[in-house]
Amino acid sequence: MAEAEPQEPRSNEESTDESEEDDSEEEPKLKYERLSNGVTEILQKDVASCMMVHEKFLALGTHYGKVYLLDVQGNITQKFDISPVKINQISLDESGEHMGVCSEDGKVQVFGLYTGEEFHETFDCPIKIVAVHPQFLRSHCKQFVTGGNKLFLYEKSWMNRWKPSVLHEGEGNIRNVKWRGNLIAWANNMGVKILDVIAKQRITNVPRDDINLRPDMYPCSLCWKDNLTLIIGWGNSVKICSVKERHASEVRDLPSRYVEIVSQFNTEFYISGIAPLCDQLVILSYVKEISEKTEKECCARPRLDIIQPFPESCEEISSDALTVRRFQENECRDYCLEYSEGESLFYIISPRDVVVAKERDQDDHIEWLLEKKKYEEALMAAEISQKTMKKHKIQDIGLAYINHLMEIGEYDLAARKCQKILGKNTDLWEFEVHRFKEIGQLKAISSYLPRRDSVLKPFIYEMVLHEFLESDYEGFCNIIKEWPGNLYNNAIIVQAVVDHLKKDPQNRTLLKTLAELYTYDQRYGKALEIYLTLRHKDVFQLIHKHNLFSSIRDKIVLLMEFDSEKAVDMLLDNEDKISIDKVVEELKNRPELQHVYLHKLFKRDHHKGQKYHEKQISLYAEYDRPNLLLPFLRDSTHCPLEKALEICQQRNFVEETVYLLSRMGNSRSALKMIMEELYNVDKAIEFAKEQDDAELWEDLILYSIDKPPFITGLLNNIGTHVDPILLIHRIKEGMEIPNLRDSLVKILQDYNLQILLREGCKKILVADSLSLLKKMHRTQMRGVLVDDICETCLSPILPTDASKSFSVTVFHCRHMFHKECFPELSTDSSVHFCNICSAKHRGPGSAILEMKK
């Protein structure tokens, strides 16, 4: 439960009666404000007895018989002297143009606030209640009820006279009345009744629960939620009644309507007033407590509770203890609760005070969050409802949040929030940066400073960079990489770095950062020197990006030493900028690097570096002979063989020498070298097979004839190239040859395989020849479509007289000749050709066909 204190400057007298607000973490649902101005003046001399609320104004009745009309700020707009004694009740119609008033001395007045219409009546007993028809403005609704020990209904007759009729009597004084639509609800000592004005029927009686409570000390509170729902609060009991229509079959002698109690529950304290709030209830409770000083029961602050009703129970949503003036002197009957339907305003009336409660809006919610230092939630709420906020601004809330975070030492979070809260406001950014500097936390905000839009003055960024340079070289390096170079004066920062390098010239971090700064300043030569000194991986990227090839002509060795693979690739990709000759010249004193460059060049193109192939022979021989020399010799067509042979012989490179000798045509010397130097029969045989030279085989046999292992190797491999008998006849008798039997068996098997292959090939050849002969025969036996013209004399072939004999020569090319027109056939050849088609060309014009008749 929270203690709610109306917002108003307090006098010394009041301060003794009021306590400080409780620091509850639960946010209140309502906010409170004391109705002041004219009300304060009234209640200093008089005492409030009742109030009526209209959406346009307020009507306040006092113990001295006065009725004051007030605006919503509490200012007096009109005053009526009704009676010298207490005003018991005030009633207004819906239009707010007619008012009914009753007082303790029995006076009843109903009059128009803006017309001369008026009704006066004085009864012989105190009149406790009065209620005018909600539509009193209409001529057919000129009705009101009033009552003391009886309930009277006054109606205006057609002669403009007021006609009274008794609606109820005999159950004690009428204590309260509420009129809504066509229904009147009133309370007397026995309970609550509801009357249907149209039907003039009483439709229900709701008895009160606790008959031991004095009805004058604990009066009944009535409130219509809508035209058919009545809320009753009496003692500590609450009932919600719903007026419903009876079914036609149930009416008979019963009223056409009935009442159903849809919710009923008890409260902790006695009820002084009740009002609806959406589907919830607002209850004003009278509270008693035991005094700690006197240990006697005394009056405590009244409570205003928001209750969620259920059919047989309720749930307390919020509860506020209200600090009203002189609450210690008040009884339950001294309080009342009125409300304004349209605006959800609730007025708590006590003899010396009027307090207004209203639903808290988003501004109030944010205010409460700020008071509780829940800045993150306040900022989120402000962002959601920024269009409806009136008191707060997102930026002000954000700045308060940043201040709070800095106070509690959350500098990183405060800096992160600056980016969102300060936005593009450069003045605020600069102010906050200076605040961070004052507390030595410039590093925290460095990552969030604006870099593109709404950039700050250069000295702000320079100030941050100097902070890093003094204490954190790595951080300084990172921030230089992240920030665009146009944010600060590059020359100032370069000078600052140079000054620090004087103290620590070998500091790699500072050198790397200086190279970055030189790059921003387009002094690429200096940046390149530093990168090469540091052997930094970005050196190649820098060269490519800024086309610095002219700057590296004399730094090729350094690049190669740093990363030969990347350097060679870069140089070969940019031959147009740095020529091959220039690179080779620069590497002349570093032959191992020269070899790497020329080797990569040769792999890319065998012809580009042809003039260096002679030089490469020595380089390969020196640095990578086992893997690359022989492939180079095989692939190069520009290598001088004599020079290569000389080098290989000097270094005793047998395999390379053998290859060069064979390539130069000296196969016998190459074979001799294989046999004598390598002593490898398999290689010798393989070499002989490659050369396919009978003399070479003869040399191999002669060299091997006295070497049994060589003979075995020859026997195993010679069969398919040389007649094995040549070797076998030369083997000396008695020579022991390892695996001779297996070798001879293999020779026989190879011979059998050759015989089988020959026979198979012969069969295939014969079959193919026969097939082709038959095809040719069929082709030549077919008829040939020809023209009846001799190609020589151009006269018809067939004579006009069919009885005459004739002779014709026809070629496969379809050309025809008279026998006598065709040239004499040569005796040297049996094949003749068409002299029109290609001469001496075997084709469709060859092979003649003679026709005679």
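A. View of the overall build of the chain. When its secondary structure is counted, the chain shows 28 helices and 34 strands. Within the span of the chain, comprising 853 residues, buried residues form 47% of the whole. Partitioning the intrachain contacts of the chain with sequence separation of at least 6 by distance along the chain shows that 50% fall at a separation of at least 24. For the chain, the exposed area adds up to about 45600 Å²; of that, 48% sits on carbon and sulfur atoms.

B. Fine view of the confidence of the model for the chain. Confidence in the prediction of the chain, expressed as mean pLDDT, is 82, and 88% of residues score 70 or more. Mean pLDDT across the secondary structure elements of the chain bottoms out at helix 1 (residues 12–15), with 37, and peaks at strand 4 (residues 58–62), with 95. In the predicted structure, residues 9–23 sits below a pLDDT of 50 and forms 24 contacts with residues beyond four places in sequence or in another chain. Here residues 842–847 scores under 50 on pLDDT; set against residues more than four positions off or in separate chains, the count is 21 contacts.

C. Looking closely at the sheet that holds strand 2 (residues 30–34). As summarised here, the arrangement of the four strands in space is 2-31-30-29, forming an open sheet in which the pairing is antiparallel. Only two strands of the sheet have a single neighbouring strand rather than two, namely strand 2 and strand 29 (336–340). Going across the sheet, the axis of each strand differs from the next one's by a mean of 25°, ignoring polarity. Relative to strand 31 (residues 353–359), strand 30 (residues 345–350) runs antiparallel, the two sharing six bridges. The partner of Tyr 347 across the bridge, within strand 31, is Val 356.

D. Quick look at the packing of aromatic side chains. Enumeration over the complete set of coordinates arrives at 15 aromatic pairs. Between Tyr 339 and Phe 346, the ring centres sit 6.3 Å apart and the planes meet at 25°, which makes this aromatic pair stacked. We classify Tyr 339 as buried; its relative accessible area is 16%.

E. Layout of helix 6 (residues 411–421). Within helix 6 the residues assigned to the buried category are Ala 414, Ala 415, Lys 417, Cys 418 and Ile 421. End-on, the buried residues of helix 6 take up no more than an arc of 165°, which puts them together on one face. Counted as exposed and oriented over 90 degrees from the buried face of helix 6: Asp 412 and Lys 420. On the buried face of helix 6, the contacting elements are helix 4 (375–384), helix 5 (394–407), helix 7 (426–438) and helix 8 (442–446). Gly 423 lies just past helix 6 and shows a positive phi near 55°.

F. A look at the side chain of Arg 325. By the element assignment, Arg 325 lies in the loop between strand 28 (314–322) and strand 29. Among the polar contacts listed, one links the side chain of Arg 325 to the side chain of Asp 353, at a separation of 3.0 Å.

G. Structural context of the environment of Tyr 597. By secondary structure assignment, the location of Tyr 597 is in helix 18 (residues 591–604). Note on Tyr 597: relative accessible area 0%, which makes it buried. In this structure the C-alpha to C-alpha distance between Tyr 597 and Asp 569, which are 28 residues apart in sequence, comes to 8.8 Å. Ignoring sequence-local partners within four residues, the contact set of Tyr 597 consists of Met 560, Val 568, Leu 571, Leu 572, Ile 580, Val 583, Val 584 and Leu 587.

H. View of the environment of Val 132. Inspection of the secondary structure puts Val 132 in strand 11 (residues 129–132). Apart from the residues lying within four places of it in its own chain, the contact partners of Val 132 are Ser 91, Leu 92, Asp 93, Gly 100, Val 110, Gln 143, Phe 144 and Trp 179.

I. Structural detail: helix 21 (residues 641–650). Of the residues making up helix 21, those classed as buried are Leu 641, Ala 644, Leu 645, Ile 647 and Cys 648. Buried residues along helix 21 cover an arc of 165° about the axis, so they all sit on one side. Across helix 21 from its buried face, at more than 90 degrees, point the exposed residues Glu 642 and Gln 650. Two residues or fewer after helix 21 comes Asn 652, characterised by a positive phi angle close to 60°.

J. The packing of helix 20 (residues 625–635) against helix 22 (residues 654–663), seen in detail. For the pair helix 20 and helix 22, interaxial distance at closest approach is 10 Å and the crossing angle is 5°. Between helix 20 and helix 22, the angle falls in the class roughly parallel. Where helix 20 approaches helix 22, its residues Arg 625, Leu 629, Leu 630, Leu 633 and Arg 634 are matched on the opposing element by Val 654, Glu 655, Glu 656, Tyr 659, Leu 660 and Arg 663. Its residues placed into classes, the contact of helix 20 with helix 22 shows six nonpolar, no polar and five charged.

K. Focus on the pattern of salt bridges. Counted by the stated rule, this structure contains 39 salt bridges. Ionic pairing is found between Lys 178 and Glu 338, a salt bridge with its closest N-O pair at 4.0 Å. One end of the pair, Lys 178, is in strand 15 (residues 176–180); the other, Glu 338, is in strand 29, with 160 residues separating them in the sequence. Neither residue differs from the other here; Lys 178 and Glu 338 are each classed as buried. Notably, a salt bridge pairs Asp 209 with Lys 239, separated by 2.9 Å at the nearest N-O pair. On the criterion of sequence distance, the pair formed by Asp 209 in the loop between strand 18 (201–207) and strand 19 (221–226) and Lys 239 in strand 21 (residues 237–245) is long-range, its members being 30 residues apart.

L. Just the sheet that holds strand 6 (residues 76–81), in detail. With antiparallel pairing, four strands are arranged side by side in an open sheet as 3-4-5-6. Each edge of the open sheet carries a strand with a single partner, namely strand 3 (48–53) and strand 6. For this sheet, the mean inter-axis angle between neighbouring strands, taken without regard to orientation, is 20°. For strand 3 and strand 4, the ladder comprises five bridges, and the chain directions are antiparallel. Each residue of the ladder has a partner; that of Met 52, found in strand 4, is Ala 59. Packed onto the sheet, helix 2 (residues 38–45) meets strand 3, strand 4, strand 5 (66–70) and strand 6 and runs at close to 165° relative to strand 5.

M. Local environment of a positive patch on the surface. On the surface, a cluster of positive charge is made up of Lys 774, Lys 775, Arg 778 and Arg 782. Following the sequence through the fold, Arg 782 ends up in the loop between helix 28 (740–781) and strand 32 (807–811).

N. Quick peek at the packing of helix 5 against helix 6. Orientation of helix 5 relative to helix 6, taken along the N-to-C sense of each, is 165°, at an axis distance of 8 Å. The angle between helix 5 and helix 6 falls in the class roughly antiparallel. Viewed along their axes, helix 5 and helix 6 form a crossing whose handedness is left-handed. Contacts from Gln 395, Gly 398, Leu 399, Tyr 401, Ile 402, Leu 405 and Met 406 of helix 5 reach helix 6 at Tyr 411, Leu 413, Ala 414, Lys 417, Cys 418 and Ile 421.

O. Seen up close, unusual backbone geometry. Despite not being glycine, Lys 200 has its phi angle at roughly 55°, a positive value. Mapped onto the elements, Lys 200 comes out in the loop between strand 17 (191–196) and strand 18. Phi at Cys 278 takes a positive value of approximately 55°, unusual for a residue other than glycine. With respect to the helices, strands and loops of the structure, Cys 278 is situated in the loop between strand 23 (270–277) and strand 24 (280–286).

Quick notes on the rules
- Residues numbered from 1 in each chain as written.
- Predicted model: local features only at pLDDT ≥ 70, side-chain atom pairs only at ≥ 80, totals over all residues.
- Heavy atoms only, no water.
- Helix = DSSP H or I, 4+ residues; strand = E, 2+ residues; numbered from the N terminus.
- Buried < 20%, exposed > 50% of the residue type's maximum accessible area, 1.4 Å probe, protein only.
- Contact = heavy atoms within 4.5 Å.
- Areas by Shrake-Rupley, 256 points an atom, 1.4 Å probe, with all protein chains shown as cover.
- pLDDT = per-residue confidence, 0-100.
- Pairing = 2+ DSSP bridges.
- Axes fitted to C-alpha atoms, helices over the stretch in contact; angles between N-to-C directions.
- Phe/Tyr/Trp six-rings, centres within 6.5 Å; stacked < 30°, edge-to-face > 60°.
- Arc of directions from axis to C-beta.
- Polar contact = N/O pair within 3.5 Å; in protein donor to acceptor, adjacent residues only side chain to side chain.
- Parallel < 35°, antiparallel > 145°, perpendicular 65-115°, else oblique.
- Nonpolar A, V, L, I, M, F, W, Y, C, P; charged D, E, K, R; others polar.
- Salt bridge = Lys/Arg side-chain N within 4 Å of Asp/Glu carboxyl O.
- Patch = residues over 30% accessible without salt bridge, like charges linked within 9 Å, V, L, I, M, F, W, Y side chains within 5 Å.
- Lys, Arg positive; Asp, Glu negative; His and termini not counted.
- Charge placed at Lys NZ, Arg CZ, Asp CG, Glu CD.
- Left-handed = near helix turned anticlockwise from the far one by under 90°.

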